[in-house]
Amino acid sequence: MNAEEVLKHYFGYDSFRTGQREMIDAILAGRDGLAIMPTGSGKSLCYQVPALMLPGITLVISPLISLMQDQVQALNDAGIHAGYINSSLTERQIETVYRRASRGQYKILYVAPERLLTEGFLFFAVHAQISLVTVDEAHCISQWGQDFRPSYLKIVDFIRALPVRPVIAAFTATATEEVRKDILCVLDLQDPQEVVTGFDRENLYFRVEPIRRKDDFVRSYINKHSGESGIIYCATRKNVEELHQRLFVRGVPVTRYHAGLDPAERKKNQEDFIYDRATVMVATNAFGMGIDKSNVRYVIHYNMPQSMENYYQEAGRAGRDGEPSQCILLFSAHDIMINKYLLEHKDFTDIPEEDAALIRERDARRLQVMEGYCRTTDCLRNYILRYFGEKVSGPCDHCGNCDREYTETDMTAEAKWVINCVTETRGRYGLTVVLGTLLGANRARLKELGTMSYRSFGALKDHSEEELRQLISQMLLDGYLWQTEDRYSLLRIGDISSLKAGGQVLVRRYREKEPERVSRKRRKRSTDALTSAGYGLFERLRQLRLEVARKESIPPYIVFSDKTLIDMAVKAPADRNGMLEVSGVGAVKFDKYGEIFLREIADFRKEHPDAVVSIED
Ligand code: ADP
Ligand code: MG
Ligand code: ZN
């Protein structure tokens, strides 16, 4: 079989995506490779296809146990012999894997980096015919990255210990130049084929919401998107616990994940999410690496992350299947304070002072860039792409900022009155009192507190309450004011030095553009091609997939992806050949599941003989 035939037979796809072909050709020609491609772009196929065509075995070094299990399950389900070795197996199970591998029963073997230089593994490796060593998540080799794994440095020693040097191919989604150089250099890649595809994830819709009532936003979003799978990232364990609890008591099918939970519970919660038993995951950034769940429809950041690298990686867990998905960042000025605090208290023991100083500087710079993303009124996608060193042309017409019209009003004079008023309260009162005072409201409460005798009383009475609220939000975002964390949320003066030095307070307002002014570029979901009857069929196929997955104890998306099911509902095939036309249905998958899905479609047809399932383009 040639590469196309392998792609069709095992994976059910008709053509390669950008970058895949070059990588596969290089590997098959015996050349090393480095592919830097975004999440969801299909890096796995770049080594899985050659693995099936090369003699002997392909080793895949992968940092996370869950990632290995997921991939091996998916491969086995596609009829490909694959196994893994990591610490989740008992010694006896590991022996079995070695025995099978030595007999040539696997084409692909996943292994944790820690395992490479152990006696047992080396013994197996020097006697096996290893054609290809794949380093997945290769950025873990870089000491600059957030995910540095010292054991990745062992890979080189391991390769040197082999009697014949195999082809080495490295894969990552991390695009920075530092990381790229580190990978090339540390892995000692020889004349590698480098493939760097564009970083844009067209199916992701980016949006920043500068709001304080984050819970309300999250709740209403989840309501509107019930049944869809989503992740909500919080900055701290405490945030995770609190938000999880609040959603849980409202009956949201939610689970949680952070490093403070014991391993058994972490595992269970992760599986609940992967198997679609819980649709919403609330987690710290400890969650996600190694999650290949393809039908995550949204990723909400409850707090601003520490860097664009982190943000793009975490947000990028949405929409791996290529279907439109949303990445929403909820931003409040408080997030900046949390992040500064976290950075100030970062542990630098055992790190030489010079290095620590460098890291501190780098962290501060990254935080600034992240903050810039939250504040920009320009195209968000372009902001991201530019940061990762890509050339951009014009606004994307498909992000929160492109869909909004921003206006800025200079309210510096009014801001000074707000400062005066908060000063006069001596930080003892919250927003309501400050607003009432500035508006000169005739309220018993203000009399009681004595704010009616303030100089600022009624100073802004020509403004509406809404205008003043917006002004104060802006001042909170700009850091001129801050709010205490207790339940009284008292308003306090922040850093006003720049205001004193002649700085301006520009209040930014936006309106969502009128629907007719929003670009036609808005992406359609594949389900848009379905009529309501077609959607009914899709729902039935989805239900069938869930039953199949339960019976086989594998995650639903490994049986068929959402994208595949939608395509199946659109084409509604009547026989084997028709079914093989569906994207994601290969011969092996057909043998496993083809008939039962065909039967479901036939039943549907019988019950609805005149139903039109898809809209002709
Ligand atoms: P990455 O490792 O780059 O994040 P994956 O290898 O997990 O991405 O692939 C993401 C999704 O894209 C998977 O569901 C995979 O089956 C699908 N995919 C990969 N290559 C193709 C292709 N050529 N055609 C259609 N779908 C593909
Ligand atoms: Mg991957
Ligand atoms: Zn845009």
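The present account deals with the structure reproduced in this document. Per chain, residues are indexed from 1 in the order of the written sequence. Key to labels: chains lettered from A, ligands numbered from 1, both in the order written. In view of the model being predicted, local features appear only for residues whose pLDDT reaches at least 70, and side-chain atom pairs are presented and counted only at 80 or more, with totals across whole chains, interfaces and linings using the full set of residues. Side-chain metrics rest on all non-hydrogen atoms present in the structure, leaving aside hydrogens and water.

1. Topic: the environment of His 301
Logical step 1: Here His 301 is to be found in strand S12 (residues 296-301).
Logical step 2: Along the backbone, His 301 and Cys 327 are 26 residues apart, and their C-alpha atoms lie at a distance of 7.9 Å.
Logical step 3: Residue contacts are counted whenever heavy atoms from the two residues lie within 4.5 Å of one another. Non-local contacts of His 301, meaning those with residues more than four positions away in its chain, are made with Tyr 233, Tyr 311, Glu 314, Ala 315, Ile 328, Leu 329 and Leu 330. For helices the rule is a DSSP run of H or I covering at least 4 residues; for strands it is a run of E covering at least 2, with both sets numbered from the N terminus onward.

2. With respect to the pattern of salt bridges
Oppositely charged side chains can pair when the atoms bearing their charge come close.
Logical step 1: Each reported salt bridge corresponds to a side-chain nitrogen of Lys or Arg within 4 Å of a carboxyl oxygen of Asp or Glu. Inspection of every chain in the model, using the stated rule, returns 39 salt bridges.
Logical step 2: Asp 272 is paired through a salt bridge with Lys 268; the nearest N and O atoms lie 2.6 Å apart. Taken together, the positions of Asp 272 and Lys 268, both in helix H11 (residues 263-274) and 4 residues apart, correspond to about one turn of that helix.
Logical step 3: A residue is classified by how much of its surface remains accessible, and Lys 268, at 48% relative accessible area, is partly exposed.
Logical step 4: We note a salt bridge from Glu 607 to Arg 540, for which the minimum N-O separation is 3.0 Å. Of the two residues, Glu 607 is situated in helix H25 (residues 587-607) and Arg 540 in helix H21 (residues 532-552); the sequence distance between them amounts to 67 residues.
Logical step 5: Burial classification: accessible surface area is computed with a 1.4 Å probe over protein chains only, and a residue below 20% of its type maximum counts as buried, one above 50% as exposed, and the rest as partly exposed. Accessibility expressed as a relative area gives 23% for Arg 540, which makes it partly exposed.
Logical step 6: Each member of the salt-bridge network shares a partner with another, and the members are Arg 207, Glu 209, Arg 404 and Glu 512.

3. Points about the packing of H21 against helix H23 (residues 562-571)
Logical step 1: Packing of H21 against H23 leaves a shortest axis separation of 9 Å and a crossing angle of 135 degrees. Judged on the interaxial angle alone, H23 and H21 are oblique. As for how H21 packs across H23, the hand of that crossing is right-handed. In contact with Gly 534, Leu 537, Phe 538, Leu 541, Arg 542 and Arg 545 of H21, H23 contributes Asp 562, Leu 565, Ile 566, Met 568 and Ala 569.
Logical step 2: For the contact of H21 with H23, the per-class residue count stands at 7 nonpolar, 1 polar and 3 charged. Angles shown run from 0 to 180 degrees and are taken between the N-to-C directions of axes, each axis being a line fitted to C-alpha atoms and, for helices, limited to the stretch in contact. Roughly parallel means an angle under 35 degrees; roughly antiparallel means over 145; roughly perpendicular covers 65 to 115; every other angle is labelled oblique. Left-handed is the label given to a crossing in which the near helix is rotated counterclockwise from the far helix by less than a right angle, and right-handed is the label when the rotation is clockwise. We call Asp, Glu, Lys and Arg charged. Ala, Val, Leu, Ile, Met, Phe, Trp, Tyr, Cys and Pro are nonpolar, and the rest, Gly among them, are polar.

4. Quick notes on H23
Logical step 1: Among the 10 residues in H23, 7 count as buried, and that is most of the element.
Logical step 2: Restricting attention to buried positions, one finds in H23 the residues Asp 562, Thr 564, Leu 565, Ile 566, Asp 567, Met 568 and Ala 569.
Logical step 3: Buried residues along H23 sit in contact with S12, H21, helix H24 (576-580) and H25.
Logical step 4: Just downstream of H23, Ala 572 is the residue with a positive phi angle, here 35 degrees.

5. Thoughts on the site of ligand 1
Logical step 1: With respect to spatial proximity, 14 residues lie near ligand 1, and among them Tyr 13, Ser 15, Gly 40, Lys 43 and Ser 44 are the closest.
Logical step 2: A distance of 2.6 Å separates an oxygen atom of ligand 1 from a polar atom in the backbone of Gly 40.
Logical step 3: Taken by itself ligand 1 offers 570 Å² of open surface, and the protein chains cover 83% of this.
Logical step 4: Per-element tally for the shell around ligand 1: the top contributor is helix H3 (residues 43-53), with 3 residues.
Logical step 5: Looking at the shell around ligand 1 residue by residue, the class counts come to 4 nonpolar, 7 polar and 3 charged. In these notes, residues near a molecule or strand are those with any non-hydrogen atom within 4 Å of it. In the analysis that follows, any N or O atom pair within 3.5 Å is treated as a polar contact, provided that within protein one partner can donate a hydrogen and the other can accept it, and provided that, for residues neighboring in sequence, both atoms belong to side chains. Working definition of accessibility: Shrake-Rupley area with a 1.4 Å probe, residue cover restricted to the visible protein chains.

6. A short note on the side chain of Thr 412
Logical step 1: Its place among the elements puts Thr 412 in helix H16 (residues 412-425).
Logical step 2: For Thr 412, a relative accessible area of 13% translates into the label buried.
Logical step 3: Polar contacts involving the side chain of Thr 412 include one to the side chain of Asp 410, which spans 2.5 Å.
Logical step 4: Side-chain polar atoms of Thr 412 contact the backbone nitrogen of Val 505, separated by 3.1 Å.
Logical step 5: Contacts of Thr 412, omitting those with residues within four sequence positions, involve Leu 499, Gly 503, Gln 504 and Val 505.

7. Observations concerning helix H13 (residues 333-344)
Logical step 1: What a helix is expected to span follows from its residue count: subtract one and scale by 1.5 Å. The end-to-end C-alpha separation of H13 is 17 Å, in line with the 16 Å expected for 12 residues at 1.5 Å each.
Logical step 2: Every buried residue of H13 is accounted for by Ala 333, Asp 335, Ile 336, Ile 338, Asn 339 and Leu 343.

8. Some words on the sheet that holds strand S3 (residues 82-85)
Logical step 1: Strand order across the open sheet formed by 7 strands is S3-S4-S2-S5-S6-S1-S7, with parallel pairing between neighbours. Each having just a single partner strand, S3 and strand S7 (193-196) make up the two edges of the open sheet. Neighbour-to-neighbour, the strand axes of the sheet open up by a mean angle of 15 degrees, direction not taken into account.
Logical step 2: In this description, strands pair whenever DSSP reports at least two bridges between them. Across 4 bridges, S3 lies against strand S4 (residues 108-111) in parallel orientation. Each bridged residue has a counterpart across the sheet, and for Ile 85 the counterpart in S4 is Val 111.
Logical step 3: Here helix H4 (residues 65-77) sits on the sheet in contact with S3 and S4, set at roughly 165 degrees to S3.

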